[in-house]
Amino acid sequence: MNLDGQTVLITGGASGIGLALARRFHARGNTVIICGRDREKLATAKSGLPGVVTLRADVSEAAGRVDLFRTVTRDFPTLSVLVNNAGIQNQPPPLLQTQDWPAHADEIAINLAAPIHLAMLALPFLAGKPGAAIINVTSGLAFVPMARMPVYCATKAALHSFTLSLRHQAKASGVSVIELAPPAVNTDLGGKGLHDFGEPVDAYADDAFAALAAGALEHGYKFSEVARTADAAGRDAIFARMNPDA
Ligand SMILES: NC(=O)c1ccc[n+]([C@@H]2O[C@H](COP(=O)([O-])OP(=O)(O)OC[C@H]3O[C@@H](n4cnc5c(N)ncnc54)[C@H](OP(=O)(O)O)[C@@H]3O)[C@@H](O)[C@H]2O)c1
């Protein structure tokens, strides 16, 4: 995709992978808009990236997504790239023990309903714009699930599937539909300290950004590239290794 001269909206762009992508779009002179729920995180991100636009928005509810899209397209009619990055990861007790539906519903709303809805809102707006793109951030766990987080993995597998269909439907519009599937990356996803074992966020984002520049429509890195490109037997073997008690 064309990484210059774009107006880019990154959901969840105030931290982690979204912020690392925001930095890279910003460094190339693009107009970058980031959103999230936490004012302090947005302010900290903005202070490190002068000129970046921050918006407080909650994408867990349909009304919040509609408001966000209305505000962005009113103030930035040049919007050309949507990065559906916002996500949460719950660490739930086993399904046989938990009755905590609201937590699962929230994960489905933020990780799956939000990117679908925002893509629906964005597609007609982006259609025909040079360099327009929708980038969905899934996960290596879209391809091989971690059984202790069944709902998180299901949202990412569903978003992978949606991305394939959206890419097909969007062909005539000229909008590129791209999937970034990170491996475990060292961010605060799921809470502080839970992803410290992951790949360094800058190393991941450098590789993903280079792939975007090279025109990739699907990108994985280390574990997620292995999982993404494995055949059925390979995925079964990875599943067995990742879930030894299953
Ligand atoms: N880190 C990994 O190992 C990994 C691996 C594969 C995929 N991913 C995916 O990468 C994406 C980014 O995650 P990350 O690792 O960078 O974690 P992160 O630092 O926690 O980033 C997630 C961002 O999403 C925002 N967000 C969450 N709920 C939101 C809501 N309802 N409305 C608006 N914004 C919301 C958060 O901001 P607020 O809390 O301020 O709203 C936060 O800035 C997620 O989709 C995640 O599933 C991460």
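Residues numbered from 1 in each chain as written. Predicted model: local features only at pLDDT ≥ 70, side-chain atom pairs only at ≥ 80, totals over all residues. Heavy atoms only, no water.

Describe the pattern of salt bridges, and please don't skip the residues or the numbers.
Within this structure, the stated rule accounts for 9 salt bridges. The salt bridge involving Arg228 is made with Glu225; its shortest N-O contact spans 2.9 Å. Of this pair, Arg228 and Glu225 both sit in helix α7 (residues 223-229), 3 residues apart, which is roughly one turn of that helix. If you follow the salt bridges from partner to partner, you end up with Arg24, Asp202 and Asp206 in one network. (Salt bridge = Lys/Arg side-chain N within 4 Å of Asp/Glu carboxyl O. Helix = DSSP H or I, 4+ residues; strand = E, 2+ residues; numbered from the N terminus.)

Help me get a handle on the environment of Asn186, residues and values and all.
Relative to the helices and strands, Asn186 is located in the loop between β6 (176-181) and α6 (201-213). Among the residues examined, Asn186 registers a relative accessible area of 34% and is labelled partly exposed. Residues Asn186 and Ser176 lie 10 residues apart in sequence; the distance between their C-alpha atoms is 28 Å. Among the polar contacts made by the side chain of Asn186, one reaches the main-chain carbonyl oxygen of Asp196 at a distance of 3.4 Å. (Buried < 20%, exposed > 50% of the residue type's maximum accessible area, 1.4 Å probe, protein only. Polar contact = N/O pair within 3.5 Å; in protein donor to acceptor, adjacent residues only side chain to side chain.)

Could you give an account of the site of the ligand, naming the residues involved and the relevant values?
The full set close to the ligand counts 29 residues, and Arg37, Asn85, Tyr152, Val185 and Thr187 are the nearest of them. Here an oxygen atom of the ligand and a side-chain polar atom of His195 are 3.3 Å apart. Taking 870 Å² as the accessible area of the ligand by itself, protein coverage stands at 95%. Listed by contribution, the elements that provide at least two residues to the shell around the ligand are α1 (16-27) and α5 (150-170). For the shell around the ligand, the per-class residue count stands at 13 nonpolar, 11 polar and 5 charged. (Near = heavy atom within 4 Å. Areas by Shrake-Rupley, 256 points an atom, 1.4 Å probe, with all protein chains shown as cover. Nonpolar A, V, L, I, M, F, W, Y, C, P; charged D, E, K, R; others polar.)

Read these as layout, nothing more, since geometry by itself doesn't imply function.
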